[in-house]
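# Residue-level structural notes
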Amino acid sequence: MRLRLSIILILSLACLSGYAQSERTTLFGFGRANQYDTYLSPLEYAGPQFSLSNRTVRDLARQPHVSFETLTQIEYSYTKNATGSAHEHGGAARFDTGWSYNWRNLAPGLSLSAGGLVGADFGFLYNTRNSNNPAQARVGARLSATVEGTYRLRIKKRHLTLDYKATMPLLGCMFSPQYGQSYYNIFSQGNYDHNILATHPGNALSLRQRLTVSIPVKKQAVTVGYASDLLQSKPHSLRQHQYSRYLLVGWSFDKPRKKNE
């Protein structure tokens with residue numbers, strides 16, 4: 001494991017030291033989340049959700065068809081059950097990094113890419129009504145496949161960029177208690193009961209999508225769009241899902257860089 005992490009780190013640093021151009025995008029998300037976790041409650045909770053994401057894509061100088069990507073996102077949700085008798089606070093920090101191969105100019109203005117990402121999640125879900133087991137930790141790692149399409153067009157004198165990206169986790173692992181098992185029993189009394197389990201589309205089928213349009217304004221571009229995160233899992237005898245839909249607004253800019261800079 002340490003050897004694999006070292007190889008990934010070395011390759012990442014090598015990529016950062018020799019790229020031709022980088023594109024950075026910062027987006028604020030405002031929307032709604034539906035959350036369901038049978039460890040905390042048999043009811044679904046719904047309410048507003050907010051997010052902040054930062055994405056950097058670097059084209060490699062020596063391999064112009066290969067790009068290196070990093071994506072970080074933090075989010076917070078405040079949801080309630082159908083009767084309004086209880087609320088849940090949710091938060092998460094997500095990190096993904098990886099490589100993609102690009103097919104540029106397949107048609108006028110059209111480019112496609114496909115690749116893989118290695119990522120991790122750290123988060124929580126807290127139920128204000130529960131006295132026993134009031135919170136649930138969200139910790140996991142994954143290997144995901146990603147596809148992306150970009151289309152550049154011109155409307156009158158304005159150049160626009162449409163971008164669609166989809167990411168699906170394929171393999172990974174996550175932490176989860178058994179139904180009725182408290183965190184006190186796990187960490188204080190050492191009652192480990194297969195609390196770390198493998199994830200795959202069979203028990204954690206998920207999909208993240210994003211559609212944006214960028215409009216150049218001087219040296220930057222205003223970016224608006226829509227995102228949909230359909231995250232679900234079935235650890236042990238529990239069921240979890242988080243369905244998020246939100247609008248995106250932010251900015252992006254390109255930063256050219258010489259190979260020997």
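Bear in mind that the values here come from a model prediction, so they are computed numbers and not experimental data. (Residues numbered from 1 in each chain as written. Predicted model: local features only at pLDDT ≥ 70, side-chain atom pairs only at ≥ 80, totals over all residues. Heavy atoms only, no water.)

## Looking at the overall build of the protein
Of regular secondary structure, the protein possesses 2 helices and 11 strands. Scanning the protein from its N terminus toward the C terminus, one meets helices and strands in the order α-β-β-β-β-β-β-β-α-β-β-β-β. For the protein, the proportion of contacts with a sequence separation of at least 24, taken over those separated by at least 6, is 62%. For the protein, the accessible surface area stands at approximately 14,800 Å², while carbon and sulfur atoms represent 63% of it. (Helix = DSSP H or I, 4+ residues; strand = E, 2+ residues; numbered from the N terminus. Contact = heavy atoms within 4.5 Å. Areas by Shrake-Rupley, 256 points an atom, 1.4 Å probe, with all protein chains shown as cover.)

## Looking at the pairing of strand β9 (residues 207-217)
Note that strand β7 (residues 158-175) and β9 share 7 bridges and pair antiparallel. Across the sheet, the residue bridging to D163 is T212, located in β9. Linking two consecutive strands that pair antiparallel, namely β9 and strand β10 (residues 220-233), is a turn of 2 residues; a positive phi of about 60 degrees is found at K218 within it. (Pairing = 2+ DSSP bridges.)

## As for the packing of aromatic side chains
With the rule as written, the count across this model stands at 8 aromatic pairs. For the ring pair F68 and W99, a centre distance of 5.3 Å and an interplane angle of 55 degrees mean the geometry is tilted. Linking F68 in strand β3 (residues 66-80) with W99 in strand β4 (residues 87-107), this pair joins segments that are 31 residues apart in sequence. You can call W99 partly exposed: its relative accessible area is 29%. By the ring-pair criterion, three or more aromatic residues cluster together here, those being Y39, F175, Y183 and F187. (Phe/Tyr/Trp six-rings, centres within 6.5 Å; stacked < 30°, edge-to-face > 60°. Buried < 20%, exposed > 50% of the residue type's maximum accessible area, 1.4 Å probe, protein only.)

## Section: the pattern of salt bridges
Considering all chains together, one arrives at 12 salt bridges under this definition. Among the salt bridges present, the one from D96 reaches R142, with a minimum N-O distance of 2.9 Å. Of this pair, D96 sits in strand β4 while R142 sits in strand β6 (residues 135-155); the two residues are 46 residues apart in sequence, bridging distant segments of the chain. Using a relative accessible area of 5% as the deciding quantity, one classes D96 as buried. Since its relative accessible area comes to 13%, R142 is described here as buried. R210 is the salt-bridge partner of D163, the closest N and O atoms lying 3.1 Å from each other. You can see D163 sitting in strand β7 and its partner R210 sitting in strand β9, a full 47 residues away along the chain. Per residue, the accessibility class of D163 equals that of R210, and both read buried. (Salt bridge = Lys/Arg side-chain N within 4 Å of Asp/Glu carboxyl O.)

These figures capture arrangement, not role.
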